[in-house]
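Each chain is listed here by its residues.
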Amino acid sequence: MKYINAKTILPKALIEELQNYVQAGYIYVPAKEEQHRSWGEVSGYREELEKRNKKIRMEYGQGISVEELACRYCLSISAIRKIIYHK
């Protein structure tokens, strides 16, 4: 999330009203409900993890051990087991 100086985007009257509540602080303005996106949806990271997890499950099905998968993907054995057994 990037911080934006209110002076660059908000009208002076609105800034003055906000200053009645907060001065020199940070305010989080949430997205409207209909514009809300799930975690990883914007960056594409969620999809990237799904592809990786699918590949891990496939390799496990081909006989590669949990220990080897943990080493290959730099994950703990516990993390690999969660990926394999929870889908």
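It should be noted that the structure appears before, not after, this text.
This one's a predicted model, so the numbers in the text were calculated from it and none came from an experiment.

## Brief notes about helix α4 (residues 77-85)
Where α4 is concerned, the buried positions are Ile80, Ile83 and Ile84. One side of α4 carries all its buried residues, which in axial view fall inside an arc of 95 degrees. With respect to the buried face of α4, the exposed residues turned more than 90 degrees away are Lys82 and Tyr85. Where α4 is buried, its residues touch α2 (45-61) and α3 (66-73).

## Here's the deal with α2
An ideal rise of 1.5 Å per residue puts 24 Å on 17 residues; α2 measures up with 24 Å between its terminal C-alpha atoms. Taken as a whole, α2 has its buried residues at Leu49, Asn53, Ile56 and Glu59. The buried residues of α2 occupy one face: seen down the axis, they fall within an arc of 125 degrees. Of the exposed residues in α2, the ones pointing more than 90 degrees away from its buried face are Glu47, Lys51, Lys54 and Gly61. Against α3 and α4 lie the buried residues of α2. Just downstream of α2, Gly63 is the residue with a positive phi angle, here 105 degrees.

Calculation criteria
- Residues numbered from 1 in each chain as written.
- Predicted model: local features only at pLDDT ≥ 70, side-chain atom pairs only at ≥ 80, totals over all residues.
- Heavy atoms only, no water.
- Buried < 20%, exposed > 50% of the residue type's maximum accessible area, 1.4 Å probe, protein only.
- Helix = DSSP H or I, 4+ residues; strand = E, 2+ residues; numbered from the N terminus.
- Arc of directions from axis to C-beta.
- Contact = heavy atoms within 4.5 Å.
- Expected span 1.5 Å × (residues − 1).

That's the geometry; what it means functionally is another story.
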